[in-house]
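Listed below, chain by chain, are the residues.
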Amino acid sequence: MTDALTDTSTAEPPLADLVASRLRDIPDFPEPGVVFKDVTPLLADGPAFSAVVRDIADRRRGSVDLVAGIEARGFIFGAAVAHELGIGFVPVRKAGKLPGRTRGVSYDLEYGSATIEIHEDSFVGGERVLVIDDVLATGGTAAATCELLEGSDAEVVAVETVVELAFLHGRSRLEGRDTHTLYVVGGD
Ligand code: AMP
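Residues numbered from 1 in each chain as written. Predicted model: local features only at pLDDT ≥ 70, side-chain atom pairs only at ≥ 80, totals over all residues. Heavy atoms only, no water.

What is the right way to read the site of the ligand from this model?
Near the ligand there are 13 residues, and of these Asp133, Asp134, Thr138, Gly139 and Thr141 occur at the shortest range. Separating an oxygen atom of the ligand from a side-chain N or O atom of Arg73 is a distance of 3.4 Å. In this structure, Gly140 approaches the ligand through a main-chain N or O atom, which is 3.4 Å from an oxygen atom. Relative to its unbound accessible area of 480 Å², the ligand is 83% covered by the protein chains. (Near = heavy atom within 4 Å. Polar contact = N/O pair within 3.5 Å; in protein donor to acceptor, adjacent residues only side chain to side chain. Areas by Shrake-Rupley, 256 points an atom, 1.4 Å probe, with all protein chains shown as cover.)

Quick look at the structure:
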């Protein structure tokens, strides 16, 4: 017989619990009705931040050549994972932020649209890429990122997020892709 304290068969729940305990809900940010999942307490906790980075890196070690991080918090987790793996990092930025020649893709938001960009020489083709962001919400940004990278002849191996808002069904936008989240909020 196992009990909750001695059962070590499930490796993920403790890390999910740790992430959950280091998130802060900010109601009505950036607009009324949105509950913003603030990861700054997680980032400020060295062991917790390190555990998240190591978990992602260990899952993808040897299977990716580059990390692509989505602006802005995807830069923080993505760069740390890239460093842990000893591989390069590619920033996926909002329109107009990158200094060099870019290629971009526009996608629909709940209201209006957005454009994300990469430097047009970010990939030579065939690189195996891990996409990282902090929160998977509607999935539009992650899906557009995959489209942008694949349009540049990179191979998207997986999408990793720290938090997933399951009630927004973002995962359905990434169907058929290897998608992993450390802490899933809500769901059916
Ligand atoms: P998505 O709706 O999946 O395209 O999310 C768009 C971007 O906004 C992602 O990069 C997330 O980091 C961020 N985002 C969306 N909703 C939230 C939320 N409730 N809390 C924190 N970040 C969010």
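Sorry if this is basic, but what is going on with the packing of aromatic side chains here?
We describe a pair of aromatic rings using the distance from one ring centre to the other and the angle between the two ring planes. With the rule as written, the count across this model stands at 3 aromatic pairs. Here the aromatic rings of Phe49 and Phe77 are separated by 5.8 Å at their centres, their planes lie at 80 degrees, and the arrangement is edge-to-face. Of the two residues, Phe49 sits in helix α3 (residues 46-60) while Phe77 sits in helix α4 (residues 73-85), which places them 28 residues apart along the sequence. The interplanar angle of 90 degrees and the centroid separation of 6.0 Å between the aromatic rings of Phe75 and Phe89 together place this pair among those described as edge-to-face. Remark: Phe89 occurs in strand β4 (residues 88-94) and Phe75 occurs in helix α4; sequence separation between them is 14 residues. (Phe/Tyr/Trp six-rings, centres within 6.5 Å; stacked < 30°, edge-to-face > 60°. Helix = DSSP H or I, 4+ residues; strand = E, 2+ residues; numbered from the N terminus.)

Looking at this structure, how should I read the packing of α3 against α4?
A pair of packed helices can be characterised by two numbers: the angle between their axes and the separation between those axes. Running from N to C, α3 and α4 point in directions that differ by 60 degrees, and their axes come no closer than 9 Å. Crossing angle aside, the handedness with which α3 passes α4 is right-handed. Counted together, Phe49, Val52, Val53, Arg54, Ile56 and Ala57 of α3 and Ile76, Phe77, Ala80, Val81, Glu84 and Leu85 of α4 form the full contact between these two elements. When grouped by side-chain class, the residues that make up the contact of α3 with α4 number 10 nonpolar, no polar and 2 charged. (Axes fitted to C-alpha atoms, helices over the stretch in contact; angles between N-to-C directions. Left-handed = near helix turned anticlockwise from the far one by under 90°. Contact = heavy atoms within 4.5 Å. Nonpolar A, V, L, I, M, F, W, Y, C, P; charged D, E, K, R; others polar.)

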